[in-house]
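Residues per chain are reported as follows:
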Amino acid sequence: MKLTKKDTIRTTDLSRRAFLGLGATAAVAAGVGMAACTPTTGEKSGTTDVTSQGSISQNGSATGAAGSPSDFTPNFMTPPPVPADVREILDCDVLVIGLGLAGCAAVKAATDEGATVIGIDKAAELTAVSMAGDFGVIDSQIQKDLGITWAGKDVIINQLMKDMCYRPTPAFLNYWYDHSGADFDWFVEGADFEVLTSTAADQQTDKPFYIRPKCFPALEAYDYKTEFYPYFHGTITTNPNMQWALDAAATKAEAAGAVLRFSTWGEQLILEDGKVVGAYVRDVDGNYSQVNAKAVVLTTGDFGGNKDMRDYYIPWAKEFACYYTTKDAEGNQADTGDGHLMAMWAGGRMELGPLAPMTHHMGGALGVNSYLQLNMEGVRFMNEDIPGQPIADQLSRQPVSSDPDMAARGLKSWQIFDSSWPEQIAAMPDGHGYTNHFVPEDQIDNYQTVLAGFGLGYTTKAMVEESVVNRGGIIANSIEELAEGIGLPLDKVSASIERYNELCAKGHDDDFGKDSRRLFPVLNPPFYACPFGSAGMLVVMGGIEVNKKLQPLNADNQPIEGLYVGGNTQGGRYLVEYPVTVAGISLGTALTFGRMAGLNAAGRDLEA
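Residues numbered from 1 in each chain as written. Predicted model: local features only at pLDDT ≥ 70, side-chain atom pairs only at ≥ 80, totals over all residues. Heavy atoms only, no water.

Novice: Help me understand the packing of aromatic side chains in this model?
Specialist: Any two aromatic rings considered together are summarised by their centre-to-centre distance and by the angle between their planes. Evaluated as defined, the whole model comprises 17 aromatic pairs. Each residue in the set Y371, F417, F520 and Y528 is aromatic and connected to the rest through ring pairs, giving one cluster. For the cation-ring pair, R282 lies above W265, with the distance from its terminal atom to the ring centre recorded as 4.2 Å. Between R595 and the ring centre of W186, over which it is positioned, the NZ or CZ distance is 4.1 Å. (Phe/Tyr/Trp six-rings, centres within 6.5 Å; stacked < 30°, edge-to-face > 60°. Lys NZ or Arg CZ within 6 Å of the ring centre and 35° of its normal.)

Shown next, in the form of structure tokens:
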């Protein structure tokens, strides 16, 4: 793409020479070898380049050149050398590295401020994660027009903080609550889309893009105040995913002069007197450019696709495969922690954990509904009245099957329910991952659109039966047949079900304390058993430690000037456990802090 912005964006062709070491290997592109290291200075064209020296503490912060012999330096903590040959030099006010949701918001925000902006991404084109569309945003005009009201800020923020053991920065969550709705309206302006009036509503137009409210209206009997894990209603979902929202923001930004380059990797930042003044980037052919910028924004996503970083920062999540399949222009997995590592090379540090992998379990034929669960030994092991994130946690602690085939399938438990489920599911919790709307056969034609969706909470008898069978489960006419079909010892299964039925009849779960509203016995055949395996991982919630202006902090707790971080590269939002209290809060905060990072990079001085 030719850059034509006069005076402020400059292209200079330089002679090409052999590169020293770094080259254009897929390993470098994927982030292998990138790391948190103590920066030292080296003269190159009047700038300071980040090079490798010193040791690293366990949270990824620099500890100095003379570290303890017991210090461990993982292999990804050694940065590549500075490119020896640069083909072109570009100048801009703001460079945004990573053009996902947060990056597109940063580009649009900085352009709105009149800044000259270059945005780069290593994908071949602007690409949204295919399954991403839930926006947990507060009080957008779209929500107001639908009549959606949220619980108060004090209620939601305190619950979120409690869910995450009070580890995140409350000011960030407060800022999200106050700004995310307006940020969403701003982000999608100019897009042509329809807004459905409820979760189950059909489209009234032939527009390809639409917004559907999630779990709206709420179940009549649902009251978050009575729930062990409350769910706050109000989330809206872009369909078929958020691609059209990204396109709308990018189109607006480009029309205002932003230059977007794809198939372009950001590899390392350039420092001058401790301040970030640009970055080295490369294209798919291995050609390097030096981008000089007054400020750089890192919005490169998470590091779920970087095995070495995962092993180092979240070893307890080893079992979880990464669901996201976004690729770079070389066909490699895209979420490799590039921004984290570039920030740490420049002197920033990874936030103190525990980090919070997003390991949702979406359940079985009836979602994550609160039915009896038996592990692979036929034993009940938990209060089943919990959402998918803690379900995944608890399944991690369960034994693998003694049956080699079941062990190879990764099975961890069986969800058990009986033929009374159509009358019971309305009593299940409302919210993310639950199935609580039964559609009788004579009403199916009125719910075709919502029944064809994923995880929207509506189902039919035929859908449940088909799902049980397709997942490798069983529908049995007796407990004996059930136990045989799922390969568990009859004595264990019978004893577990008998004990559970006793507790249901008593109306109190003496064993695990499940809410009595969801104590449904296993009595009436046919009986259903649906397998639960390990959950997949969407993203790793854990990022660079930043101040309230989104500037990375160095080992001395001082901000790194000229550098801002947003989205899943940013720390302070989620720790210990990803909360499902508000569905889509991940996209909501990525949008809000991507915009904030872009505004501050362009000269604003906003603070959470």
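Novice: What should I look at first to understand helix α5 (residues 170-188) in this one?
Specialist: Side chains three or four residues apart in an α-helix point the same way, a direct result of the helix having 3.6 residues per turn. Taking 1.5 Å per residue as the helical rise, α5 with its 19 residues ought to reach 27 Å, and the 27 Å between its terminal C-alpha atoms agrees with that figure. The first or second residue beyond α5 is G190, which carries a positive phi of 95 degrees. (Helix = DSSP H or I, 4+ residues; strand = E, 2+ residues; numbered from the N terminus. Expected span 1.5 Å × (residues − 1).)

Novice: I'm lost on the packing of helix α2 (residues 101-112) against helix α16 (residues 585-601) in this one. Help?
Specialist: A pair of packed helices can be characterised by two numbers: the angle between their axes and the separation between those axes. The N-to-C vectors of α2 and α16 enclose an angle of 35 degrees; their axes lie 7 Å apart at closest approach. Read as a crossing pair, α2 and α16 show a hand that is right-handed. Two secondary-structure elements touch here, α2 through L101, A102, A105, A106, A109 and A110 and α16 through L587, A590, L591, G594, R595, G598 and L599. Tallied by class, the residues present in the contact of α2 with α16 amount to 10 nonpolar, two polar and one charged. (Axes fitted to C-alpha atoms, helices over the stretch in contact; angles between N-to-C directions. Left-handed = near helix turned anticlockwise from the far one by under 90°. Contact = heavy atoms within 4.5 Å. Nonpolar A, V, L, I, M, F, W, Y, C, P; charged D, E, K, R; others polar.)

Novice: What is the right way to read the sheet that holds strand β9 (residues 194-195) from this model?
Specialist: Two modes of strand pairing occur in sheets, parallel and antiparallel, and in both the strands are linked by backbone hydrogen bonds. Spatially, the four strands line up as an open sheet ordered β8-β11-β10-β9, and their pairing is mixed. The open sheet terminates on both sides in strands that have one partner only, identified here as β8 (134-135) and β9. One ladder, built from two bridges, connects β9 with strand β10 (residues 210-213); its direction is parallel. Of the residues in β10, the one forming a bridge with V195 is I211. (Pairing = 2+ DSSP bridges.)

Novice: Would you explain the pattern of salt bridges in this entry?
Specialist: Two side chains carrying opposite charge are able to pair once their charged atoms lie near each other. In this structure the tally under the stated criterion is 28 salt bridges. One salt bridge in this structure joins R380 and E384, with 2.9 Å as the shortest N-O distance. Residue class for R380 comes out buried when judged on its relative accessible area of 10%. Judged by its relative accessible area of 1%, E384 is buried. Taking the shortest distance from any N to any O, the salt bridge between R518 and D515 comes out at 3.9 Å. Here R518 falls in the buried class, since its relative accessible area comes to 2%. When salt bridges that share partners are traced, they join E227, D385, D515, R517 and R518 into one network. (Salt bridge = Lys/Arg side-chain N within 4 Å of Asp/Glu carboxyl O. Buried < 20%, exposed > 50% of the residue type's maximum accessible area, 1.4 Å probe, protein only.)

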